[in-house]
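# A structural walkthrough
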Amino acid sequence: MLRNFLVISLFLSLVACTSTKTKTTTSYSSSTSHYLPKVTNTVTSTRGSQFIADINPGKYENLKKFWVAQKKNYCGVCSAVIVINTARKNTHLTQDNIFSEDVKKVILPETVAKMGLTLRELTNILKTKAKDFKTTRYPAHTSGLDLFREQLIQNNENNSYMITNFSRQSIAGLGMNQGHFSIIAGYNVDKRQVLILEVNGGKESFWISDKDLFTAMKAVDPVSQIPRGWIITGK
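Residue positions are given per chain, counting from 1 as you read along its sequence in written order. Local features in this predicted model are restricted to residues of pLDDT 70 or higher, and side-chain atom pairs are both shown and tallied only at a pLDDT of 80 or more, whereas totals for entire chains, interfaces and linings draw on every residue. Remark: hydrogens and water are excluded; side-chain values derive from all non-hydrogen atoms of the structure.

### Overview of the sheet that holds strand E4 (residues 179-188)
Keep this limit in mind: By definition, two strands form a pair when at least two bridges between them are found by DSSP. Helix and strand definitions here come from DSSP, where helices need a minimum of 4 consecutive H or I residues and strands a minimum of 2 consecutive E residues; each element is numbered from the N-terminal end. The axes used here are C-alpha line fits, helices contributing only the stretch in contact, and every angle between their N-to-C directions lies in the interval 0 to 180 degrees.
Overall, antiparallel pairing links the 7 strands, which are arranged E1-E6-E5-E4-E3-E7-E2 in an open sheet. Each edge of the sheet is formed by a strand with only one pairing partner; in this case those strands are strand E1 (40-42) and strand E2 (134-139). Pairwise comparison of adjacent strand axes, ignoring direction, gives a mean angle of 30° for this sheet. In this structure, strand E5 (residues 193-197) lies alongside strand E6 (residues 206-209), joined through 4 bridges in antiparallel fashion.

The following block contains the structure:
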């Protein structure tokens, strides 16, 4: 009897440990929120125009002056080029010449053309190519929505720039695999709406709620195996 009791106890302990481990390793990748469509408003829509009328559009207008359309899978590279050129007020940097020998040590252009970039890789490109900038990476799952909101407010007023890495599929409510980079160009504090300067030439810039964008940034990158997030860079 004692032996049977010990065997059963050991079995129950193993089951409990296994269940806990499984829950821990999938905690940020199993959210049903990625399968709920998010509301967006293009900048030219009625609501989009109302949102932008309530903010200082200076950063958005400056970024548009240096906007270029991304090459295939170059959304992260394109975002970096636009931000650096806007900060330096010139168009010297392109999606081709950004790949100096130092940057090629971070990642090769042919690899980006096939797979795009992770949040860490784009951060390292910015740190390599713009050494006079302060660049910090913020993974969504360790940074939190409150910090994101604080930095959105600061981004309206300061000379730094925010690049967001989110899942398009999460915004569409279709999952979380397809990632994308674009630039945060403004924040309507009262409506809690974030203005995304779209770098894909085939799509229009849009507004999305800060909470929904944050959810889309929590989507797991299949390459890095951790959630996405945002980058702040500038002098």
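Right, picking up where we left off after that structure.
### Let's talk about unusual backbone geometry
We apply this condition: Buried means the residue's accessible area, taken with a 1.4 Å probe over protein chains only, is under 20% of the maximum for its type, while exposed means over 50%, and partly exposed covers the values in between.
Within the chain, Lys89 stands out as a residue other than glycine whose phi angle is a positive 60°. In this structure Lys89 comes out as exposed when scored by relative accessible area, which is 68%. In this structure, Gln225 is a non-glycine residue whose phi angle is positive, near 65°. Relative to the helices and strands, Gln225 is located in the loop between helix H11 (210-217) and strand E7 (229-234).

### Some details on the pattern of salt bridges
Opposite charge on two side chains makes pairing possible when the charged atoms of those side chains draw close. Applicable threshold: The salt bridge criterion pairs a side-chain nitrogen of Lys or Arg with a carboxyl oxygen of Asp or Glu, the two atoms within 4 Å.
According to the stated counting rule, one finds 9 salt bridges in the structure shown. For Arg88, the salt bridge goes to Asp132, with nearest N and O atoms at 2.8 Å. Pair noted here: Arg88 is in helix H4 (residues 75-88) and Asp132 is in the loop between helix H7 (119-129) and E2, with a separation of 44 residues, a long-range link. Residue classification places Arg88 among the partly exposed positions, given a relative accessible area of 33%. Here Asp102 and Lys131 are joined by a salt bridge, their closest N and O atoms 4.0 Å apart. Within this pair, whereas Asp102 is found in helix H5 (residues 101-106), its partner Lys131 is found in the loop between H7 and E2, the two being separated by 29 residues in sequence.

### Details of helix H2 (residues 46-53)
Let me state the cut-off plainly: Comment: arc refers to directions from the helix axis out to C-beta atoms. Whether two residues are in contact is decided by their heavy atoms: any pair within 4.5 Å suffices.
Residues Gly48, Phe51 and Ile52 constitute the buried set of H2. Mapping the buried residues of H2 onto a view down its axis gives an arc of 95°, with all of them on the same face. Of the residues in H2, the exposed ones pointing more than 90 degrees away from the buried face are Thr46 and Ala53. Check the buried side of H2 and you find it contacts E1, helix H3 (58-65), E4, E5 and E6.

### Concerning the packing of helix H9 (residues 145-157) against H11
This is how the line gets drawn: Reported orientations rely on four angle classes, namely roughly parallel under 35 degrees, roughly antiparallel over 145, roughly perpendicular from 65 to 115, and oblique for the rest. Crossing handedness is read from the near helix: turned anticlockwise from the far helix by less than a right angle, it gives a left-handed crossing, and turned clockwise, a right-handed one. We call Asp, Glu, Lys and Arg charged. Ala, Val, Leu, Ile, Met, Phe, Trp, Tyr, Cys and Pro are nonpolar, and the rest, Gly among them, are polar.
Where H9 contacts H11, the two axes come as close as 11 Å, and the packing angle between them is 120°. Taken as axis vectors, H9 and H11 run oblique relative to one another. Our pair here, H9 against H11, has a crossing hand that is right-handed. In this structure, H9 uses Leu145, Phe148, Arg149 and Leu152 to contact H11, whose residues at the interface are Asp210, Lys211, Leu213, Phe214 and Met217. For the contact of H9 with H11, the residue count by class is 6 nonpolar, no polar and 3 charged.

### Regarding the state of the cysteines
Formally: Pairs of cysteine sulfur atoms within 2.5 Å are identified as disulfides in what follows.
For the structure on display, the rule yields 0 disulfides. Unpaired in terms of disulfides, Cys75 finds its nearest cysteine sulfur in Cys78, a separation of 8.5 Å. Relative accessible area serves as the criterion here: at 0%, Cys78 is assigned to the buried category.

### Some points on the nonpolar core
Generally speaking, nonpolar side chains in soluble globular proteins are found buried as a group. How we decide: By nonpolar core we mean a set of buried residues, namely Ala, Val, Leu, Ile, Met, Phe, Trp, Tyr and Cys, connected to one another through side-chain atoms within 4.5 Å.
Membership of the largest hydrophobic core comes to 38 residues, with the highest contact counts inside it found for Val77, Ile98, Phe99, Leu117 and Leu122. Elements represented by at least two residues in this core include exactly H2, H3, H4, H7, strand E3 (161-167), E4 and E5. Counting residues per element, this core draws most heavily on H4, which supplies 8 residues. Leaving out residues up to four positions away in the same chain, Leu117 has contacts with Gly76, Val77, Ile107, Val112, Leu122, Ile125, Phe181 and Asp221. In this structure, Ile171, Val194, Ile196 and Phe214 belong to the second largest nonpolar core, which totals 20 residues.

### What to know about the side chain of Gln95
Quick note on the threshold: Throughout this description, a polar contact denotes any pair of N or O atoms lying within 3.5 Å of each other; where both atoms belong to protein, one of them has to be capable of donating a hydrogen while the other can accept it, and for residues adjacent in sequence the pair is counted only when both atoms sit in side chains.
Position of Gln95 among the secondary structure elements: in the loop between H4 and H5. Within polar-contact distance, the side chain of Gln95 engages the backbone oxygen of Ala69 at 2.9 Å. Among the polar contacts listed, one links the side chain of Gln95 to the backbone nitrogen of Lys71, at a separation of 3.0 Å. With near-sequence residues (within four places) excluded, Gln95 lies in contact with Val68, Ala69, Gln70, Lys71, Tyr74, Val77, Cys78 and Val81.

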